[in-house]
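Secondary and tertiary structure notes
Below, each chain spelled out in residue letters.
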Amino acid sequence: MRLHEYEAKEVFKKCGIPVPEGKVAFSSEEAVRVAKEVGLPLVIKAQVFVGGRGKAGGVKFAKNLKEVEEISDKILKMDIKGYKVEGVLVEKRLNIEKELYLGMTIEGSAGKPAVIVSSEGGVEIEETARNYPQRISSIQVNVFKGLKSYEARFLVKKLGLKGERLFKVSNILYNLGNLYRNYDALIAEVNPLVITTEGEIFAADAVLQVDDSSLFRHPELQAKAIERIPDELEREAKNVGVTYVNLDGDIGLICSGAGLGMATMDMVRRKAKPANFLETGGGMTKELMAGALRVVMKKKNIRAVFINVYGGINPIHEGAKGVVEVIKEDKIKVPIVAKALGNRQEETWGILEEGGVKVVKESRTSKAIEELFRILKERE
Amino acid sequence: MRLHEYEAKEVFKKCGIPVPEGKVAFSSEEAVRVAKEVGLPLVIKAQVFVGGRGKAGGVKFAKNLKEVEEISDKILKMDIKGYKVEGVLVEKRLNIEKELYLGMTIEGSAGKPAVIVSSEGGVEIEETARNYPQRISSIQVNVFKGLKSYEARFLVKKLGLKGERLFKVSNILYNLGNLYRNYDALIAEVNPLVITTEGEIFAADAVLQVDDSSLFRHPELQAKAIERIPDELEREAKNVGVTYVNLDGDIGLICSGAGLGMATMDMVRRKAKPANFLETGGGMTKELMAGALRVVMKKKNIRAVFINVYGGINPIHEGAKGVVEVIKEDKIKVPIVAKALGNRQEETWGILEEGGVKVVKESRTSKAIEELFRILKERE
Amino acid sequence: MAILINENTKVIVQGITGKVGSRQTRLMLDYGTKIVAGVTPGKGGEEIYGVPVYDSVKEAKEEHRIDASVVFVPARFVKDTCFEAIDAGIKLIVLVTEHTPVYDAMQIKAYAKTNRTIVIGPTTPGIISPSEKIKIGILPGNMFCPGNVGLISRSGTLTYEIAANFCEGGIGQSTAVGMGADPVVCTNLIDLLKLFDEDGQTRVVAIVGEVGGTEEEIAAQFIKEKMSKPVVAYIAGKSVPPGKRMGHAGAIVERGRGSAESKMRALREAKVKVAEMPENIVQLVKEALREI
Amino acid sequence: MAILINENTKVIVQGITGKVGSRQTRLMLDYGTKIVAGVTPGKGGEEIYGVPVYDSVKEAKEEHRIDASVVFVPARFVKDTCFEAIDAGIKLIVLVTEHTPVYDAMQIKAYAKTNRTIVIGPTTPGIISPSEKIKIGILPGNMFCPGNVGLISRSGTLTYEIAANFCEGGIGQSTAVGMGADPVVCTNLIDLLKLFDEDGQTRVVAIVGEVGGTEEEIAAQFIKEKMSKPVVAYIAGKSVPPGKRMGHAGAIVERGRGSAESKMRALREAKVKVAEMPENIVQLVKEALREI
């Protein structure tokens, strides 16, 4: 679960990481009110769940209240890469002397949190890693003892900071380490950390992505998690209990298992575009499969649906009942091809065939996909 | 810092330890309001910072609203062992089937938290330890990994619990372990943990003592810490910056160092009763010593004051200035005897003697105390 | 011989009385797995398909020799469940539970390492060795057959499909292991490659990878420098758009890492033949076996 | 020889630029302590009384041999400061800071044990060995004198008084150690007794205990069973009422434990002579020395 910048900054502030004075606004009038409170000049930043908002015109400076109103009105009406802007963060503009990068992420292979710092603030860390790897320093953190303050200082010193600044910035990094652990973060990032010409230090931007699996430990976030999904179909699928990713094609997919789902997607992609990725998880029921098919069919242009499921942990005969029920009730006309193997496969085949599904009794997914395209061609 | 039962129960509840329905009340009218909300029958419990409230009549059952009013009125006016009752906790009365004890404390010598459980609920654990040591089980906890849930189950199983109860009670104990760590507790105790005849489980009493040194991590408690000290002089001393313990004698004591202070107290005790224990700590200033002497002199019956300080980390010559200032300004007439050794002792002696303090230039405290009693005798 | 397990491996089921735990216990028993005990706190004294249930691993251990544990408890209990098994001295843990918090997985991984315990997962379908008639986890037994290919997969059902393809092509498995599909898994690809490289029964190793993380890239380096047996691979997720999480918590191409292309490139540089479609891996294994 | 320290011990001061840190550095230097460096984050490059200041222990260690550290940082930084020293491989830490959270002290104690580091304190006045001309901590040098009594104390100023009484009575100290007065101290009484029992210079050990905890009771058992040298003791706090905390966080008689009577009884049962007043301990040591 990714938090909005303004939400992340609330958390950062609570955890001892200074952020610029400012507030979120959801209308241009509200933005002007905030501006009066905070004082000019200001920066107005789109709150949107996609990167590259700066280049897309989602971050602007405002020198007077008129500009605040105009700019926030404009940004609030924007769509950035297909994502709706959900608010604007109206913040005191900083006089930048120096920009740094502080971040924490998971070093998956080592299975430890990693702290990364760089003297290149304001650009993506991946870009710095490509262009100036020597400007990056990083260490791994002990999962029981957490980031130690001297480790934070060790890293910050490598950024060339001395004296008071060394002390303050390492303190911020240390607090980021505690925040990372206490909030079950996957990514926590301050980019840039700004040192102003007045010598003050602020997290000018804040990224906080919380582990979805940990939300039971964070009830205040859990409540927001579903409404937070920007895509309507993805949100609906979440309620059904399946994982759905909206893609730009027209072949609907329903698979049990993410690996199988991706492999299926890859194979379909050789001849056509998948409309979605959909993974049922291990809790298949009649209702779940019915819901899954309905979500897939919500897209207008679906030409066919391919179902690829295994009866290992899942009762696929139950799932089959859900599929045929939806075909009947919703009067689905597009061809549905299924490959269903494992426990009770014969029973499953019977149900599906009776309901009008073309069943491919074969263990190779590629063969089933060939059959799907053969049928589609026939229909043309 | 010890929390009131009702405060501790709020914490326990938040941490997943069920407590009986109820609320604190500070007047009998409020108690009646709570009673109407919670429903009869009820138990009414004095909120007071001293043990043995039950025997002193501070815990009573109420069957109807009239009893609620009368009993809470009576309890609210009580003094228990010299401590004012600060409120009453009005709680649903439980139908007790079984009482257990769950507690955590510090095993100082091992330097680890210890979990203690006993099948004897409702009596002090020290008493059980004396009378039925075999009914107590305990383990020490890893300070980095905390109490593990299987360790909690291991202990609870020793209480003879099975099935659902084993599961529920060990869950409560596990939550107590987390609470203990998250709140920097020194003692966290559920005594008794009640299993009702209906099969429900509640922490019928709750003790939570938080490490004073950790309060910077618990700002919500820190705010309450000073007002929490029941003795007025002790509270005042805390504001001065010294540790003061009110005793029942008439010889005032001011010592630098707790060990020295206790030894001094022990030696005075052979002939007279100390009025207090007072320890300056390591941050002596003129103001601090002035404040310390004023706190000591606040008791009406003070016959003499003995000052016993060392100039190691403390600037005793500065302290001396504070002492003579107070003698002059407050026109103190009782004899003051001082033993002051260490850095700048001669300077200190000069200041004290000039101000009318009898200085004993001797390294044995006992000799200085003899001198004090000689002077007192002379005066009689 | 298989890796990690063999016909004498004695297994306990942690979370045996749950819906999944009890059903999978039945399937494991049917396959031949020697399940000696189950653990569910509060259910000590019950029996599940003839398997005695205990309140704690310690109590089970007093009555039985235990070599391995399989974990089916809900995600929030996973950490403590694994710690219990580790503290009781169990040296192999198969952690099937999905949605374990990543921080908990990291702590399990660290604690297991300190105690020289192997934890497979989280989110693993398990381990199976057809020739030893043992499976630990949820892998469906009828899709696997005995042989000399070591199969390592980050997926569940895709593993079944590939195993079935293998069997149809006359290729059996020495052991098949699901690594789990989370951002942090307790046993890395490279650890399993080492085990297969030392295993007498295994002649070729097949890797079924997917987008996300850097396991395959790190393994490629190892294969190039240290591995003596031939390795073939398939990587799922070539068509995954960046930033989209594909069902598996670990299956996400983000921050410039973990794309299928990067993995395939690294493996090919290590002279690993990489299949374009899952079924093609069967052909690659056949070729590798011929070339030995 | 002294215990723990000797004339060649090289010391760093963590928190050297603070008010107490710098003042005590001056006093230690004057006494003869070989302070090679100080550490204060952000003050690297400065000098305090000629002692170079570094931002980290690691940097100090690159330039100097370091045997011991003395810690004067504020309580909230104590845990990380000690971890830094431990991770840098320093084997003796004298932790002077008062009001360290007890949970932090427990973690320091555990971490020190894992890394075979000796931490004295928290809330210790320090260690002094007059014959070796070294003191680490805040003990005032002029109150101690060289000799063959090992002095272990839970107090600060009371130690000075007793040491001064010793010196006036012609009895010097091999080493004097303040254990610290918190509920959890990182080095126990028994650990120090063992060191003194093995020390060539020490002939008698004097314990200055106080109410609270069970250190003296546990030590009594050790003295009875294992200790070869004579031990004498004084216990402060006979007149402390139960439930009242006397300045030291650990000095509290509660829940039926830690009374002066219980300690004195345990020690006397172990044939330890216990003084009624601090100054009497001098006489007890003299008797013990005569009896050897």
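Residues numbered from 1 in each chain as written. Chains lettered and ligands numbered in written order. Predicted model: local features only at pLDDT ≥ 70, side-chain atom pairs only at ≥ 80, totals over all residues. Heavy atoms only, no water.

Thoughts on the state of the cysteines
Formally, a disulfide is one covalent bond, and it connects the sulfur atom of one cysteine to the sulfur atom of another. The condition that has to hold: Only a pair of cysteine sulfur atoms within 2.5 Å counts as a disulfide in this structure description. Put simply, DSSP H or I for four residues or longer makes a helix, DSSP E for two residues or longer makes a strand, and each gets a number counted from the N terminus.
Scanning all chains against the criterion turns up two disulfides over all chains. Note on cysteine connectivity: Cys145(C) is disulfide-linked to Cys167(C), with sulfurs 2.3 Å apart. On the S-S bond that ties Cys145(C) to Cys167(C), the torsion sits near -110 degrees, and the link is left-handed. One end of the pair, Cys145(C), is in the loop between strand 9 (134-137) and strand 10 (146-153); the other, Cys167(C), is in helix 5 (residues 157-168), with 22 residues separating them in the sequence. Between Cys15(A), a free cysteine, and Cys15(B), which holds the nearest cysteine sulfur, the sulfur-to-sulfur gap is 18 Å.

Side note on the domain arrangement of chain C
Buried accessible area, meaning the area lost when the parts come together, often serves as the stated size of an interface. Residues and elements named next belong to chain C. What counts here: Domain start and stop positions are those given by an automatic or database domain assignment. When checking whether two residues touch, look at their non-hydrogen atoms; a contact exists if any pair is within 4.5 Å. The term buried area denotes the loss of accessible surface (1.4 Å probe radius) that occurs when two parts are joined, taken as the sum for both partners.
Domain annotation for chain C reports domain 1 (10-120) and domain 2 (140-291). Taking the mean C-alpha position of each, domain 1 and domain 2 sit 26 Å from one another. Between domain 1 and domain 2, the residue contacts involve 10 residues of the former and 11 residues of the latter. Together domain 1 and domain 2 conceal approximately 890 Å² of surface at their shared face, both sides included; 67% is due to carbon and sulfur atoms.

Here we look at the domain arrangement of chain A
The assigned domain composition of chain A is domain 1 (1-19 + 95-228), domain 2 (21-93) and domain 3 (232-379). Of note, the centres of domain 1 of chain A and domain 3 of chain A, computed from C-alpha atoms alone, are 41 Å apart.

Some thoughts on the pattern of salt bridges
Operational definition: By salt bridge we mean one thing: a side-chain nitrogen of Lys or Arg within 4 Å of a carboxyl oxygen of Asp or Glu. Note on exposure labels: buried denotes an accessible area under 20% of the residue type's maximum, exposed denotes more than 50%, and partly exposed covers the range between, all computed with a 1.4 Å probe on protein chains only.
Throughout the structure, instances matching the rule amount to 86 salt bridges over all chains. A salt bridge links Lys77(B) to Asp73(B); its shortest N-O distance comes to 2.9 Å. Glu216(C) is paired through a salt bridge with Arg154(C); the nearest N and O atoms lie 2.8 Å apart. With a gap of 62 residues between them, Glu216(C) in helix 7 (residues 215-225) and Arg154(C) in the loop between strand 10 and helix 5 connect regions that are remote in the sequence. Of the two residues examined, Glu216(C) and Arg154(C), each falls in the buried class. One salt-bridge network, in which partners are shared between bridges, spans Glu5(A), Lys9(A), Lys45(A), Arg53(A), Glu91(A) and Asp205(A).

Describing the interface of chain B and chain C
Filter applied, for reference: Here a polar contact means two N or O atoms within 3.5 Å. Within protein one must be a hydrogen donor candidate and the other an acceptor candidate, and residues neighboring in sequence count only if both atoms are side-chain atoms.
Across the contact, 12 residues belong to chain B and 10 residues belong to chain C. Viewed at the interface, chain C and chain B are joined by four salt bridges. The salt bridge partner of Lys157(B) is Glu59(C), with a shortest N-O separation of 2.4 Å. Summed over the shared surface of chain B and chain C, the result is nine residue pairs in polar contact (both at pLDDT 80 or more). Of all the elements in the fold, those that place two or more residues in the side of chain B that touches chain C are helix 5 (149-157) and helix 6 (163-182) of chain B.

Quick word on the sheet that holds strand 6 (residues 92-95) of chain D
All names here are of chain D. Definition in use: DSSP calls a pair of strands paired once it identifies at least 2 bridges connecting them. Lines are fitted to the C-alpha atoms to define the axes, a helix being fitted only along its stretch in contact, and any angle between axes, read from their N-to-C directions, falls within 0 to 180 degrees.
Read from one edge of the open sheet, seven strands run 3-4-2-1-5-6-7, paired in mixed fashion. Taken across any chain shown, the strands that pair with only one partner, and hence form the sheet edges, are strand 3 (47-48) and strand 7 (118-120). Strand direction decides the pairing type here: strand 3 and strand 4 (residues 51-54), joined by two bridges, are antiparallel. From the neighbouring strand, Glu47 faces strand 4, where its bridge partner is Pro52. Against the sheet, helix 3 (residues 78-87) makes contact with strand 1 (10-14), strand 5 (68-71) and strand 6, and its axis sits at roughly 165 degrees relative to strand 6, the strand it touches most.

As for the packing of aromatic side chains
As a reminder, the rule being used: Between the rings of Phe, Tyr and Trp (Trp by its six-membered ring), a pair exists once the centres lie within 6.5 Å; its type follows the angle of the planes, with under 30 degrees stacked, over 60 edge-to-face, and the other angles tilted. Distance and angle both matter: a charge sits over a ring if NZ of Lys or CZ of Arg is within 6 Å of the ring centre and within 35 degrees of the ring normal.
According to the stated counting rule, one finds 10 aromatic pairs over all chains in the structure shown. Relative to Phe26(B), the ring of Tyr6(B) has its centre 6.1 Å away and its plane inclined at 80 degrees; by these criteria the two rings are edge-to-face. One end of the pair, Tyr6(B), is in helix 1 (residues 5-14); the other, Phe26(B), is in the loop between strand 1 (22-25) and helix 2 (28-38), and 20 residues separate them in sequence. We classify Tyr6(B) as buried; its relative accessible area is 17%. Of the residues examined, Phe26(B) reaches a relative accessible area of 45% and is grouped as partly exposed. Pairing Tyr310(B) with Tyr160(D) gives two aromatic rings, centres 5.8 Å apart and planes at 80 degrees, and the pair type is edge-to-face. In this pair, Tyr310(B) is assigned in strand 16 (residues 304-311) and Tyr160(D) in helix 5 (residues 157-168), connecting two distinct chains. A relative accessible area of 1% places Tyr310(B) in the buried class. Joined through ring pairs, the aromatic side chains of Phe144(A), Phe83(C) and Tyr111(C) make up one cluster. The ring of Tyr132(B) carries the charged tip of Arg135(B) above its face, separated from the ring centre by 3.7 Å.

Some points on the interface of chain B and chain D
What counts here: Ten residue types, Ala, Val, Leu, Ile, Met, Phe, Trp, Tyr, Cys and Pro, are classed as nonpolar, four, Asp, Glu, Lys and Arg, as charged, and the remainder, Gly among them, as polar.
Every contact between the two is made by 59 residues of chain B and, on the other side, 58 residues of chain D. For the pair chain B and chain D, the number of links is two salt bridges. At eight residues, the largest contribution of residues to the side of chain B that touches chain D is made by helix 9 (residues 258-268) of chain B. Its residues assigned to classes, the side of chain B that touches chain D shows 23 nonpolar, 20 polar and 16 charged.

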